Amino acid sequence: MAQVELKNVSKIYDDNVTAVRDVSLRVIDKEFLVLVGPSGCGKSTALRMIAGLEEISRGTITIDDRIVNDVAPKDRDIAMVFQNYALYPHMTVRENMAFGLKLRKYDSSEITRRVDEAAAVLGIKEYLDRKPKALSGGQRQRVALGRAIVRQPKVFLFDEPLSNLDANLRVQMRTEITRLHQKLQTTMIYVTHDQVEAMSMGDRIVVMKDGLVQQVDSPLDIYHHPVNRFVAGFIGSPTMNFFTGSITRNGSPAFREAGTSFTLPLRTDTPFGENREVILGIRPEHVSMKEQQGRPRRKVFVDVVEPVGNEVFAYFSTGSGRQFVARLSSDDLPSVQEECEFVFDPSRFHFFDATSGETLRG
């Protein structure tokens with residue numbers, strides 16, 4: 001069983017900069033776990049500590065029920081794939097893939113078998129006698145994956161492996177890595193700053209900010225039930241719209257912002273309190289131009305329209321001067337500087353504390 005566990009792990013550098021703060025995680029056997037967050041959030045540092053490339057300041061890391069804090073990277077039974085491929089330019093593809101096995105004194109017939117099997121899985125058998133300079137970026141990344149596969153490690157670690165590829169190739173490689181995980185049935189930990197990669201690939205996602213874990217959950221649970229404003233704003237593209245206002249209870253509960261208000265679908269026992277300042281969030285796909293009786297609506301001016309095929313992103317400004325976005329059907333194509341009435345789906349509202357940013361249930 002290849003379970004990985006971090007208990008109260010921190011990384012503090014000599015200048016007293018804390019990169020990772022008290023992280024506790026359990027990656028179960030055969031799971032595909034994705035660490036995601038903005039640049040500088042500590043996700044790559046956490047991965048490098050698992051790999052043994054960064055020293056742990058506090059806490060313990062366990063791989064397969066073995067504490068590895070003081071174990072050398074080569075003895076942790078892990079394989080790591082980097083964003084820059086790290087291939088030897090003077091070696092052929094076959095030699096690159098076999099290099100780690102040769103260092104470990106594997107029999108030549110076993111090395112050949114493993115390399116051929118990995119090349120077949122990745123569709124690179126025809127490139128085995130080429131050198132890296134004769135390969136495209138996607139082909140080089142497959143070679144880097146193959147070099148990791150032949151090791152047959154307990155855990156695969158990926159540090160933003162697709163960040164150097166163009167958009168179309170990233171989508172293709174994303175699918176291939178997911179398919180590879182399904183085929184190999186091995187524990188994988190994947191780091192990315194791209195929330196679309198995280199949502200589409202991970203069994204579970206770990207959202208990080210400032211070295212702290214914000215939320216650990218399945219992609220859909222994080223999307224639909226974010227624990228705070230940061231997670232709500234980071235996960236989802238385009239990002240969630242936020243309105244700052246207050247809850248009033250003169251009759252039915254209502255949200256008041258920038259001189260306008262609308263009724264809220266809240267239970268009468270919701271503990272929001274009278275005139276409590278909150279942040280209301282709603283995702284772009286829950287804003288439409290189709291009138292539905294009883295739903296909140298706002299008159300706005302459309303600033304920018306972005307047609308992207310079967311849908312349209314409409315950016316608009318409200319009375320408060322803030323900009324927001326609606327994800328519309330391509331059948332609903334507003335004109336720039338046109339005054340439109342947008343309708344919100346109140347069942348999709350999210351509420352966050354205006355001070356702490358924590359989600360408010362109700």
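Everything discussed here concerns the structure shown above.
Notes on the structure in this doc start here. (Residues numbered from 1 in each chain as written. Predicted model: local features only at pLDDT ≥ 70, side-chain atom pairs only at ≥ 80, totals over all residues. Heavy atoms only, no water.)

A word on the overall build of the chain
When helices and strands are counted, the chain shows eight helices and 20 strands. Reported as C-alpha extents along the three principal axes, the dimensions of the chain are approximately 80 × 45 × 35 Å. Residue burial in the chain is summarised as follows: out of 362 residues, 50% are buried. Across the chain, contacts joining residues at least 24 apart in sequence account for 66% of those joining residues at least 6 apart. Just so you have it, the chain exposes about 17200 Å², and 45% of that area is on carbon and sulfur atoms. Separation between the mean location of the 47 positive side-chain charges and that of the 47 negative ones in the chain comes to 4 Å. (Helix = DSSP H or I, 4+ residues; strand = E, 2+ residues; numbered from the N terminus. Buried < 20%, exposed > 50% of the residue type's maximum accessible area, 1.4 Å probe, protein only. Contact = heavy atoms within 4.5 Å. Areas by Shrake-Rupley, 256 points an atom, 1.4 Å probe, with all protein chains shown as cover. Lys, Arg positive; Asp, Glu negative; His and termini not counted. Charge placed at Lys NZ, Arg CZ, Asp CG, Glu CD.)

Describing unusual backbone geometry
Residue Pro238 is bonded to the preceding Ser237 through a cis peptide linkage, with omega at 0°. Looking at where Pro238 falls in the secondary structure, it is placed in the loop between helix H8 (229-234) and strand S11 (241-248). You will see that Lys30, though not glycine, has its phi angle at about 70°, which is positive. The residue Lys30 is located in the loop between strand S2 (18-27) and strand S3 (32-36) in this model. The phi dihedral of Gln185 is positive, around 55°, even though this residue is not glycine. Examined against the element boundaries, Gln185 turns out to sit in the loop between helix H5 (167-184) and strand S8 (187-192). Residue class for Gln185 comes out partly exposed when judged on its relative accessible area of 42%.

Some details on the pairing of S2
The sheet contact formed by strand S1 (residues 4-12) and S2 spans six bridges and is antiparallel. Bridging from a neighbouring strand, Val4 pairs with Val27 of S2. (Pairing = 2+ DSSP bridges.)

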